[in-house]
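Inside the fold
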Amino acid sequence: MLLATLCFALMSVAVKFASQRYGTGEVVFYRGLIGLLAMAALLRAQGGNWRTPVPGMHVWRSASGVTALSMWFIAIGGLPLATAITLNYMSSVWMALFLIGGAVLMGGRRVDGRLVACVLVGFGGVALILQPTLAREQLGHGLIGLASGLLSALAYLQVTALGRAGEPEARVVLYFSLGSVLVGLGLTLLGPLLGLGGGWTREHTPFGLACLLAVGGFATLAQWLMTRAYASGSTLVNASLHYLGIVYAAVFGSLFFGDVLNATALAGMALVVVAGLGATLLRSRAAPDAAADPAEA
């Protein structure tokens, strides 16, 4: 999960640069195409195939994940980067609420309140690091960003369920990438017809192509690592560690975009680290076991 968050942060840097030249549909398409080719090759090398006993689960995971990804890219285009990232990272808070509600409704063991507190403390750290602001004219994009976080939470829970069902990580990421290709293609082709902009970029630059390759490469590796983490680890522990991506992003923002890390941001980074470590220490005795995990339903 630590490596996954690092790759996601690097992907975000590449997306920021790519968005200056390419439309959302194109970025989503190339991100998915690179992932599809890489996972198809990996699956073949492992002696696996595309056939799955749970196609419906892949459809729902891909639909929620790709929609969340596309909405997040749209939010980045209309919001300050700090605000867009903060809204997307609400996913861990949504996830905690889903798990608590599912445990209560299903009559299973309750989720340890201390673990939930780690997630909430982590989000508090995110808010301190990014210090987001939202202008009135940006409300529409803000709602889109908030929805992307909600859908991301559903996608992460579905990844956990696919892991419990025995699906290999490469196949899970492969179908997600296939969904990205289809959705990105649709957005690119239908955008101009619907008056939403888009269309294919006819002239590429070496830097632009490098950005697209970086988006797809880092995103694919991050997705594979994240899938492995959620398939084999505690959902809420992974949610807490997921916040470390904001620490990486803050450092990269300072390096590439001249962002200054003030005392408040450093305090937020400390909260994020504490939340991740606390969740890890509590996992063995506080995290709900497999039978009580609502994600398996």
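Residues numbered from 1 in each chain as written. Predicted model: local features only at pLDDT ≥ 70, side-chain atom pairs only at ≥ 80, totals over all residues. Heavy atoms only, no water.

Take the environment of Gly253 next. Its location among the elements puts Gly253 in helix 11 (residues 244–257). The spacing of Gly253 and Ala82 is 171 residues in sequence and 10.0 Å in space, taken between C-alpha atoms. Excluding residues within four positions of it along the chain, Gly253 makes contact with Gly258 and Asp259. (Helix = DSSP H or I, 4+ residues; strand = E, 2+ residues; numbered from the N terminus. Contact = heavy atoms within 4.5 Å.)

This brings us to a nonpolar patch on the surface. Residues Val251, Leu255, Phe256, Phe257, Leu261 and Leu266 make up a contiguous nonpolar surface patch of about 530 Å² in total accessible area. The biggest single contributor to the nonpolar patch is helix 11, with 4 residues. When you line up the elements, Leu266 lands in helix 12 (residues 263–286). Given a relative accessible area of 46%, Leu266 falls into the partly exposed group. (Patch = residues over 30% accessible without salt bridge, like charges linked within 9 Å, V, L, I, M, F, W, Y side chains within 5 Å. Areas by Shrake-Rupley, 256 points an atom, 1.4 Å probe, with all protein chains shown as cover. Salt bridge = Lys/Arg side-chain N within 4 Å of Asp/Glu carboxyl O. Buried < 20%, exposed > 50% of the residue type's maximum accessible area, 1.4 Å probe, protein only.)

Before going further, it helps to examine the side chain of Ser64. Inspection of the secondary structure puts Ser64 in helix 3 (residues 55–78). Taking the relative accessible area as the measure of exposure, Ser64 reaches 8% and is therefore buried. Of the polar contacts made by the side chain of Ser64, one reaches the backbone oxygen of Arg61; its length is 3.2 Å. At a separation of 2.8 Å, a polar atom in the side chain of Ser64 contacts the side chain of Gln158. (Polar contact = N/O pair within 3.5 Å; in protein donor to acceptor, adjacent residues only side chain to side chain.)

It is worth spelling out the nonpolar core at this point. Generally speaking, a soluble globular protein has its nonpolar side chains buried in company with each other. Ile129 and Tyr230 are the most contacted members of the largest nonpolar core, which totals 58 residues. Among the elements that line this core, the one with the most residues is helix 9 (residues 206–232), at 9 residues. The next biggest cluster of nonpolar side chains, apart from the first, holds 9 residues, and it includes Leu36, Met39, Val173 and Val181. (Core = buried A, V, L, I, M, F, W, Y, C linked by side-chain atoms within 4.5 Å.)

A few words now on the environment of Met39. Relative to the assigned elements, Met39 resides in helix 2 (residues 24–45). Those residues within four positions of Met39 in sequence are excluded, and the remaining contacts are Ala170, Val173, Leu174, Thr220 and Trp224.

The predicted model of the protein has a mean per-residue pLDDT of 80, with 86% of residues at 70 or higher. When mean pLDDT is compared element by element in the protein, helix 2 scores highest at 90, while helix 5 (residues 91–106) scores lowest at 70. With pLDDT under 50 throughout, residues 284–297 is counted as low confidence; its partners more than four residues away or in other chains account for 25 contacts. (pLDDT = per-residue confidence, 0-100.)

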